[in-house]
Amino acid sequence: MKTLIILLPLFIFHCSQIQWRPASLAVERGWSETGKNIVQTEVIYEEKDAWNPLSGTTHKRNYRTKFRIYEISGPGNDSGDPPIYSYEIGSWTLPGSVYFHSATNRLFWIQGANDEYGGPFRFPAVWSPKGFRSFEPKNFLKEDQTIFQFVPSPDGGKAAIILGKLNSDLIIDSPTLIIADVNGQSSSYDRSYFEFPLAKWEEGPEFKIRWSENSDLLYVRVQNQVFKTNEKAKKLEEAKEFPVCFYPASSFGPVGISPGGKGGDSDIARDMEPPPFKRYKDKPLVKSLNQTKDCSQ
């Protein structure tokens, strides 16, 4: 009986460890193109410990994502006033994929299709508190393709998308660039997207996309070459000159983890970082990749 009394608390503790419990990832944030709004993204899920303690991970299920959009009128923070818009979806979002465009009130993100966080089954999505409903990725996204990039243009009217088939060796086969219209204004005689096959694509520093400042052109870096195109072109053309910066890829977007002030993932107060996109310019144009640099600094 004495042994039972000693082991009972241990048994209760062990059982509590294998019960499903709420959890969340660190809160991410992103600035809008005007610097007047930020979007805060929080991925929430349930988890429990694995029976085998050597597995080094937990079981996870029931992912949800909460978006909160705040208006920033000065050097304040996003932990005081309530958000001007809130929206929730029943799945995870890919880290660093969430954009909010102030002028069009459009929210862009890459969304998962099951509980395999970060897995290959995902799709691009667009939402607006103004009732936006025109974007349909089924027009171009096939079941065996994975989306790797989803970057809206500075004017919020188009989006550049990189798709491909991820094989068992994690190599991207048949990579494709899509320029999609997210305005919902294409005529019945015109497709709402334009497709460009790519020779190769990897998720690395030698493979980048970058919108022009006025949204007319998209620049695509594929290793040691740079191409340019737009939604009316029939092919990718080699760019004789191109912007000095390939990061950031647009005039707004994700900037990192944690909002300013207290709250979110930490109780430690921190200053809000200024928008890094104010210097988003095409010029100076350069003719060699050796002249490009990271303009987020």
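All of these numbers come straight from a predicted model, not from anything done at the bench.

Next up on the list: the overall build of the chain. Counting secondary structure elements, the chain contains one helix and 19 strands. Relative to its full complement of 297 residues, the chain shows a buried share of 44%. Put simply, the chain shows about 16300 Å² of open surface, and 51% of that area lies on carbon and sulfur atoms.

On to the sheet that holds strand β8 (residues 122–127). Taken in spatial order, the three strands make up an open sheet running β6-β7-β8, and their pairing is antiparallel. Single-partner strands in this sheet number two, and they are β6 (99–101) and β8. Averaged over all pairs of adjacent strands, the angle between their axes in this sheet comes to 20°, without regard to strand direction. As paired strands, β6 and strand β7 (residues 106–112) are joined by three bridges and run antiparallel to one another.

Counted according to the given criterion, the structure contains ten salt bridges. One salt bridge in this structure joins E47 and R21, with 4.0 Å as the shortest N-O distance. With E47 in strand β3 (residues 37–49) and R21 in strand β1 (residues 21–24), this residue pair connects regions lying 26 residues apart in the sequence. The salt bridge partner of R61 is E46, with a shortest N-O separation of 2.8 Å. Highlighted residues: R61 in strand β4 (residues 58–71) and E46 in strand β3, separated in sequence by 15 residues. Assessed through its relative accessible area of 30%, R61 is described here as partly exposed. Look at the salt bridges and you will find they share partners, linking R21, E47 and D49 into a network.

Mapped onto the fold, R122 is located in strand β8. Note: C-alpha distance between R122 and G112 (ten residues apart in sequence) is 4.2 Å. Setting aside residues no more than four positions away along its own chain, R122 makes contact with W92, L94, I110, Q111, G112, A113, L141, T146, I147 and F148. There is a polar contact of 3.0 Å between the side chain of R122 and the backbone oxygen of G119.

Following the sequence through the fold, T176 ends up in strand β11 (residues 172–181). The exposure class assigned to T176 is buried, which follows from its relative accessible area of 9%. At a separation of 3.3 Å, a polar atom in the side chain of T176 contacts the main-chain carbonyl oxygen of S174.

Moving on to the nonpolar core. Counting 44 residues, the largest nonpolar core has F140, F150, I161, L177 and V220 as the members making the most contacts within it. Secondary-structure elements contributing two or more residues to this core are β3, β7, β9 (146–152), β10 (158–166), β11, β12 (193–197), β13 (207–211) and β14 (218–222). Other than its neighbours up to four places away in sequence, F150 contacts Y99, F108, W109, I110, P124, A125, V126, F135, A159, A160 and I161.

As summarised here, the arrangement of the four strands in space is β13-β14-β15-β16, forming an open sheet in which the pairing is antiparallel. Lying at the two open borders of the sheet, with one neighbouring strand each, are β13 and β16 (237–238). Relative to β14, β13 runs antiparallel, the two being bridged by five bridges. Its bridge partner lying in β14, F207 is registered against V222.

Take the layout of surface pockets next. Remark: the empty space left among the atoms is shown by a probe the size of a water molecule rolled over them. Taken as a whole, the largest pocket holds about 460 Å³ of empty space. Every residue lining the largest pocket is counted, 27 residues in all, and those nearest its centre are G96, Y99, Q149, V151 and Y247. For the lining of the largest pocket, the elements supplying multiple residues, two or more each, are β9, β13 and β18 (253–257). When residues in the lining of the largest pocket are grouped by element, the largest group, four residues, is from β9. Of the residues that constitute the lining of the largest pocket, the class distribution is 17 nonpolar, six polar and four charged. The calculated volume of the second largest pocket comes to roughly 230 Å³. Lining the second largest pocket, in full, are A113, P120, F121, R122, F123, P137, K138, L141, K142, E143 and Q145.

Let's shift gears to empty space enclosed by the protein. Throughout the structure, instances matching the rule amount to two cavities of 30 Å³ or more. In this model, the largest cavity occupies a volume close to 60 Å³. Lining the largest cavity we find R210, C245, Y247, P248, P276, F277, R279, Y280, K281 and C295. Looking at the lining of the largest cavity residue by residue, the class counts come to seven nonpolar, no polar and three charged. Empty space within the second largest cavity amounts to approximately 40 Å³. Elements with a minimum of two residues in the lining of the second largest cavity: β2 (28–31) and β3. Split by residue class, the lining of the second largest cavity holds three nonpolar, two polar and two charged.

The rules behind the values
- Residues numbered from 1 in each chain as written.
- Predicted model: local features only at pLDDT ≥ 70, side-chain atom pairs only at ≥ 80, totals over all residues.
- Heavy atoms only, no water.
- Helix = DSSP H or I, 4+ residues; strand = E, 2+ residues; numbered from the N terminus.
- Buried < 20%, exposed > 50% of the residue type's maximum accessible area, 1.4 Å probe, protein only.
- Areas by Shrake-Rupley, 256 points an atom, 1.4 Å probe, with all protein chains shown as cover.
- Pairing = 2+ DSSP bridges.
- Axes fitted to C-alpha atoms, helices over the stretch in contact; angles between N-to-C directions.
- Salt bridge = Lys/Arg side-chain N within 4 Å of Asp/Glu carboxyl O.
- Contact = heavy atoms within 4.5 Å.
- Polar contact = N/O pair within 3.5 Å; in protein donor to acceptor, adjacent residues only side chain to side chain.
- Core = buried A, V, L, I, M, F, W, Y, C linked by side-chain atoms within 4.5 Å.
- 1 Å grid on protein atoms, 1.4 Å probe; cavity = no way out; pocket = protein on both sides within 12 Å on 5 of 7 lines; lining within 4 Å.
- Points joined across faces, edges and corners; volume = space filled by probe spheres on them.
- Nonpolar A, V, L, I, M, F, W, Y, C, P; charged D, E, K, R; others polar.

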